[in-house]
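# Fold and contact review
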Amino acid sequence: MANAKADPSIYFVPHNGWYPVVVALGAMLMVTGFGSYLNDVKGGGDGSWVQFYTGLTILAVTLFFWFAKVIEENSQGLANAQLKRSYVWGMGWFIFSEVMFFAAFFGALFYARVFAVSWLGGEGGKAMTGDYLWPDFSAEWPVMQNPDNALFQGPDQSMASPGIANWFAPVYLPFLNTVLLLASSVTVHFAHTAIKNQDRTKLITWLGITLVLGFAFLFFQVEEYIHAYQELGLTLSSGIYGSTFYILTGFHGFHVTMGAFILTIQFFRALKGHFKPDDCFGFEAASWYWHFVDVVWVCLFIFVYIL
Amino acid sequence: MSEVVETHAGHDDHDHHGPDKGLARWLFTTNHKDIGTLYLWFSFAMFLIGGMMALVIRAELFEPGLQFVAPEFFNQMTTNHGLIMVFGAVMPAFVGLANWLIPMMVGAPDMALPRMNNLSFWILPFAFGIMISTLFMEGGGPNFGWTFYAPLSTTYAPDSVTYFIFAVHLMGASSIMGSINVIATILNMRAPGMTLMKMPLFVWTWLITAYLLLAVMPVLAGVVTMMLFDIHFGTSFFNAAGGGDPVMFQHIFWFFGHPEVYIMILPAFGVVSQIIPTFARKPLFGYDSMVYAVASIAFLSFIVWAHHMFTVGMPLAGQLFFMYATMLIAVPTGVKVFNWISTMWRGSMTFETPMLFAIAFVILFTIGGFSGLMLAITPADYQYHDTYFVVAHFHYVLVPGAIFSIIAAVYYWLPKWCGRMYDETLGKIHFWLSFIGVNVTFFPQHFSGLAGMPRRIPDYALQFADFNMLSSIGAFIFGFSQVFFMFVVIHAITRGKKATDRVWDGAHGLEWTLPSPAPYHSFTHPPKVSDAEAHS
Ligand SMILES: [Cu+2]
C-alpha cells in the first residue's frame, strides 16, 4: 500500500478535504462583510470590519493548512511529474487571467483618453453632448478641469512625467519605483539560478534582496499616494484622470503586495530547505507572478506616467 | 507511462476509497463525478428558480395592464431571471458536464486540480445565496437588467447593487478556477494516443470555451470593480460629469458579454456533435473543419462586441466594422450546421430522446442564428433594438440552443452516470412538450418585436395582446414540462432498467468502455486509446 502510494505512474488525487468549502465560506463572509461596511458608510454609519476580518481570517488560516498539506504531500513523493505539469499550466493561465483583469482597466484608460474626453471637448460624432451640457470644457490629458468641476473637483497637479531630464534630482518617484521593480525581477531570477545550483546561501540572499526591493517599492508607492492626496489634490474623485490613475496603480500595488507576501513565504520555505533544483514549483510560481507584476508596472509607467 | 492497463481501472488494487458517507461526501469531495453531479443539480435548482421568475414575468404579460406585480418588482424579475439563467443555470450545467465527461473522455483519473475543483463549485451556492438575498433587501434587488448598464447600475441603483457586485466577483473566481482546471486536464491528462485531433468534439469545444472564460471573466470582474468604485469611492469612470462615459461601460461589458454568449453555446455544439453521430450511426462529418470552425467562432467573438450598441452612437467606420465582423460569424456557424446535417445524411437514423433534442437544437438554433444575422445589419438594428425581436433571438439560441443541448446531454449520458436507462416514452413526452412550449413562447415574440413592442416592460399597447397571451401560455407549458423532466430523471435513477456498458449501439468514445454506472474512480492508469474509440 505504501509503495503504491508513491508510485510515480499514478496521478495523485487527494481523497477529500475540508479546505475548499471553508475557503468558499471565508470568501463569502469577507465580501459580504466588506459590502455591508461600504453600504453602512454610504448611508452615514460608521461601518464595521468585524465580519470582513472574520472571513479573511478563515480564508487565510484555511489556505495556510491547504498549502501546507500540498507541500507535505509533495515531500512524501505523491506529486509525480505530471501533477507538477498541471501546477505549471494552472499558474500560467491564472497569470493570463490577471493580465486580462488589467486589460480592462487599461482599456478604460485608452477609451477615456482617446474617445470620451475628446468627445466631451467637442470633437467627433458625439460632440453635441459636450457642447450642449458643458460648453466650457476643453479636452486635455491629464484632465485638470472636469466637465462639471463642482461635482468632481479636478486635481491641482497631475502625476505626469516631468521629462527624463527631471527624473533624477530630486528623484521622480515612479522612475525610482521602476528601477526598484526591474531590479527585483533580476534578483529573483538570480535566486532561481541559485536553486538550480543548489546554493542555499545565495538563494536566501537574492530572495532577501528581492523582498527588500519589493517592500521598498510599496513604501514609495504609499509615499506617492500621500503626496498626491496631500499636495497635488489628486484623489479618487478628481475625475477620470484620478479614477484611471488610482485604479491602475492601486490594483497593481495590491498585486505587488500579494506577490511580496507569496515571496515572503518562499523565503521562509527556503530557510527550511524546501527547494531542490528539480522540485521548486512554489518558488517558480511566485517568481513568475513577480515578473508579471513587473511587466504590468512597465506598462503603467509608460501609459500612465510618461505618455 | 507507456504501460497499457485494462480500461476497467476501477478494479486495480491501489488504495481506492469509495465515496464518503452522508453530507461529508458532497462538502469535501475531490471526485470529478461527485463535483459534476453537484454542478448539475445546482444548475437545475437555479434553472427552476430562474424559471419561476420567468413565469412571474409571463403571468404579468398575459394581458395588457398591470395585474400581479409592481413595475419595480417586474424589473427585478427580468434582471434576476437573466442573471440566474446565464450564470446559475447554463454555465454551471456545462461545467457539470465537463466535470463528468472530460476526464472519462480523455482517459484521465480525475480533473487535474481536484481540490480547486471542489472550491470552484462551492463558491457558487454562496454567490447565488448573496444574489438571491438581494431581492429581500431594503430598496429591492438589482433592477437594471442583466446587462447592468451604468448609470442605472451605479448612480440610480438600489443599495443591494454592492452585494450584486461581490456576487459577480465570486462567480468570476469560480469560472476562472473551473476553466484553469479544464485546460490543465485537457492539455496535461490525456491518455497516450489521445492526440489533440483525436479528442471528442465535446472536449475540443470545452477547451476553447475555457480560454474564452479566462479571457473575459476577468474583464467582467474589472467592469464591476469600476462600478463599485463609482458607487463607493467617488470615481467617475461612467460619469460624464467627471470626464468618464456611460458608453464606456457598455464597451467593456460587451467585450465580456459577446464571448459570454459563445461560452454558453460552444459546449452545446460539442454535445450535439457527440450525439448526432451516435444516432445517425456515422462518424461526424468534417471533424477537422468542426474544430477549426469552433476556433474561428471563438476568435471572432472578441471583435464583434459593439453590435449590441449600434444605437448608442458610434462612428460610421465602427458600425461598418462591427456589422461585417458579426456577419462573418455566420460562415463558421454555417459550416457546423452543414456538417451536422451531412452527418445525418443517409445515416441509419433512430430517434431516441437525446437525438430528438439534438435535431431540435440544429433546427431551432439555426432560426436563432438567422435572427442574429438580421440584428447584425446596422440600419435594421435601429428598428429592432430593444424590442421583443431581440428577446426572441437570444431565447432561441439559449433555450432550444444551450438548454436543449444540456437536456440532450443528460438523457444521453445519464445511463453512464447512474447505470440506469430513462423511460423512452416519458422522455419523448418531455421532448414534445418542451418543443411545443418553447416555440409557442418565443416564436410570437418575433412578431411583437417587429411590430415595435419594447422589451423589459410590464405593460404594453393593446395590439400586442394576442402574441403575448400565446407567449405566456407557451411559457407555462415549457416551465411545467421541466418539472416533468425532473420527474423523468428521478424515475430513471430510482427505477430505470439497468443500462449496458455501451448504452447506445452507435456510441464511440472512452467513456463507453467503462462499466455503467462508471466506477467512482476511472482510468487510474491511462487506458489504451483504440482507433474505434477515437472520433474517426
Ligand atoms: Cu453579441
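Residues numbered from 1 in each chain as written. Chains lettered and ligands numbered in written order. Predicted model: local features only at pLDDT ≥ 70, side-chain atom pairs only at ≥ 80, totals over all residues.

## Things to note about the overall build of chain B
Of the regular secondary structure elements, chain B holds 15 helices and zero strands. Relative to its length of 536 residues, chain B is compact, with a C-alpha radius of gyration of 23 Å against a globular reference of 24 Å. C-alpha atoms of chain B, sized along the principal axes, occupy 70 × 50 × 45 Å. By residue count, 60% of the 536 residues in chain B fall in the buried class. Considering only contacts within chain B whose residues lie at least 6 apart along the sequence, 83% involve residues at least 24 apart. (Helix = DSSP H or I, 4+ residues; strand = E, 2+ residues; numbered from the N terminus. Rg over C-alpha atoms; globule rule 2.2 N^0.38 Å. Buried ≥ 20, exposed ≤ 12 C-beta atoms within 10 Å, placed from the backbone. Contact = placed C-beta atoms within 7 Å.)

## Here's the deal with the overall build of chain A
Along chain A, the regular secondary structure elements total nine helices and zero strands. Dimensions of chain A, computed from C-alpha atoms along their principal axes, come out at roughly 80 × 45 × 40 Å. Burial analysis of chain A (307 residues in total) assigns 38% to the buried set. Restricting to contacts in chain A with at least 6 residues of sequence separation, those with at least 24 account for 68%.

## A closer look at the packing of helix 7 (residues 200–232) of chain A against helix 8 (residues 240–271) of chain A
Residues and elements named next belong to chain A. Put simply, helix 7 and helix 8 touch, their axes get as near as 10 Å, and they point 155 degrees apart. Between helix 7 and helix 8, the angle falls in the class roughly antiparallel. Regarding helix 7 and helix 8, the two cross each other, and that crossing is left-handed. For the pair helix 7 and helix 8, the contacting residues are Arg 200, Leu 203, Ile 204, Leu 207, Gly 208, Thr 210, Leu 211, Gly 214, Phe 215, Phe 217, Leu 218 and Gln 221 in the first and Gly 253, Val 256, Thr 257, Gly 259, Ala 260, Leu 263, Thr 264, Gln 266, Phe 267, Ala 270 and Leu 271 in the second. (Axes fitted to C-alpha atoms, helices over the stretch in contact; angles between N-to-C directions. Parallel < 35°, antiparallel > 145°, perpendicular 65-115°, else oblique. Left-handed = near helix turned anticlockwise from the far one by under 90°.)

## A word on the interface of chain B and chain A
On the chain A side, the residues contacting the 62 residues of chain B number 63 residues. At the level of elements, helix 1 (22–28), helix 4 (114–133), helix 5 (161–188), helix 6 (201–232) and helix 7 (246–280) of chain B are the ones that each hand at least two residues to the side of chain B that touches chain A. Sorting elements by how many residues they give to the side of chain B that touches chain A places helix 5 of chain B first, with eleven residues. Grouping the constituent residues of the side of chain B that touches chain A by class yields 35 nonpolar, 20 polar and seven charged. (Nonpolar A, V, L, I, M, F, W, Y, C, P; charged D, E, K, R; others polar.)

## Some thoughts on the domain arrangement of chain A
Residues and elements named next belong to chain A. In terms of domains, chain A is made up of domain 1 (1–79) and domain 2 (80–306). For domain 1 versus domain 2, the separation of C-alpha centres amounts to 26 Å. In the side of domain 1 that touches domain 2, the residues fall into five nonpolar, no polar and no charged. (Domains from an automatic or database assignment.)

## Thoughts on unusual backbone geometry
Here Trp 141 of chain A and Pro 142 of chain A are connected by a cis peptide whose omega angle stands at 0 degrees. Notably, Gln 198 of chain A is not glycine yet its phi reads approximately 55 degrees, a positive angle. Along the chain, Gln 198 of chain A turns up in the loop between helix 6 (173–196) and helix 7. Its identity as a non-glycine residue notwithstanding, Arg 281 of chain B has a phi of 55 degrees, on the positive side. Here Arg 281 of chain B shows up in the loop between helix 7 and helix 8 (287–300).

## Brief notes about helix 8 of chain A
When the terminal C-alpha atoms of helix 8 of chain A are compared, their 46 Å separation across 32 residues agrees well with the 46 Å that a helix rising 1.5 Å per residue should span. Looking one or two residues past helix 8 of chain A, Gly 273 of chain A carries a phi angle of roughly 75 degrees, positive in sign. (Expected span 1.5 Å × (residues − 1).)

## Section: the nonpolar core
Residues Val 90, Val 223 and Ala 408 of chain B are the most contacted members of the largest nonpolar core, which totals 254 residues. Looking at this core, the element that brings in the most residues is helix 6 of chain B, giving 24 residues. Both of domain 1 (1–79) and domain 2 (80–306) of chain A provide at least three residues apiece to this core. Not counting residues within four places of it along the chain, the set of residues in contact with Ala 408 of chain B comprises Val 271, Ile 275, Pro 354, Phe 357, Ala 358 and Phe 361 of chain B. Core analysis: the next-biggest nonpolar cluster, separate from the first, contains six residues, Tyr 11, Val 13, Leu 83 and Tyr 87 of chain A among them. (Core = buried A, V, L, I, M, F, W, Y, C linked by C-beta atoms within 7 Å.)

## Overview of the packing of helix 4 (residues 81–120) of chain A against helix 7 of chain B
Close contact between helix 4 of chain A and helix 7 of chain B brings their axes to 10 Å; oriented N to C, the two are set at 140 degrees. The angle between the axes of helix 4 of chain A and helix 7 of chain B places the two elements in the oblique class. In the packing of helix 4 of chain A onto helix 7 of chain B, the handedness of the crossing is right-handed. Judged by residue contacts, Ala 104, Gly 107, Ala 108, Tyr 111, Ala 112 and Ala 116 of chain A of helix 4 of chain A engage Met 248, His 251 and Ile 252 of chain B from helix 7 of chain B.

## Some thoughts on helix 9 (residues 316–328) of chain B
The periodicity of an α-helix, 3.6 residues per turn, causes residues three or four positions apart to be oriented the same way. Residue and element names in this part refer to chain B. Helix length check: helix 9 (13 residues) gives 18 Å between terminal C-alpha atoms against 18 Å at 1.5 Å per residue, within 8%. Buried within helix 9 are the following residues: Phe 322, Met 323 and Thr 326. The buried side chains of helix 9 occupy one side of the element, clustering within an arc of 105 degrees when seen end-on. For helix 9, exposure combined with an orientation more than 90 degrees from the buried face picks out Leu 316, Ala 317, Leu 320 and Tyr 324. In this fold, the buried residues of helix 9 make contact with helix 11 (353–376) and helix 12 (378–384). (Arc of directions from axis to C-beta.)

## As for the environment of Ser 516 of chain B
Residues and elements named next belong to chain B. Within the secondary structure layout, Ser 516 lies in the segment after helix 15 (465–495). Among the residues examined, Ser 516 registers 21 C-beta atoms within 10 Å and is labelled buried. Look past the residues within four positions of Ser 516 in its chain and what remains in contact with it is Pro 415, Lys 416, Gly 419, Ala 499, Thr 500, Asp 501 and Val 503.

## Comments concerning the environment of Ile 490 of chain B
Looking at the element boundaries, Ile 490 of chain B is found in helix 15. For Ile 490 of chain B, a count of 11 C-beta atoms within 10 Å corresponds to the exposed category.

## Looking at the environment of Val 399 of chain B
Residue and element names in this part refer to chain B. As for its placement among the helices and strands, Val 399 is situated in helix 13 (residues 388–418). Using a count of 23 C-beta atoms within 10 Å as the deciding quantity, one classes Val 399 as buried. Each C-alpha atom, one on Val 399 and one on Asn 439, is 10.0 Å from the other, the two residues being 40 residues apart in sequence. Not counting chain neighbours up to four residues away, the residues in contact with Val 399 comprise Val 438 and Phe 442.

## Notes on the confidence of the model for chain B
Do not read the predicted coordinates in detail wherever pLDDT is low. All names here are of chain B. Averaged over every residue, the pLDDT of chain B is 94; the share at 70 or more is 96%. Note on residues 1–15: pLDDT is under 50 here. Beyond four places in sequence and across chains, it has 25 contacts. Overall fold confidence for the complex sits at a pTM of 0.94, while the interface term, ipTM, reaches 0.94. (pLDDT = per-residue confidence, 0-100.)

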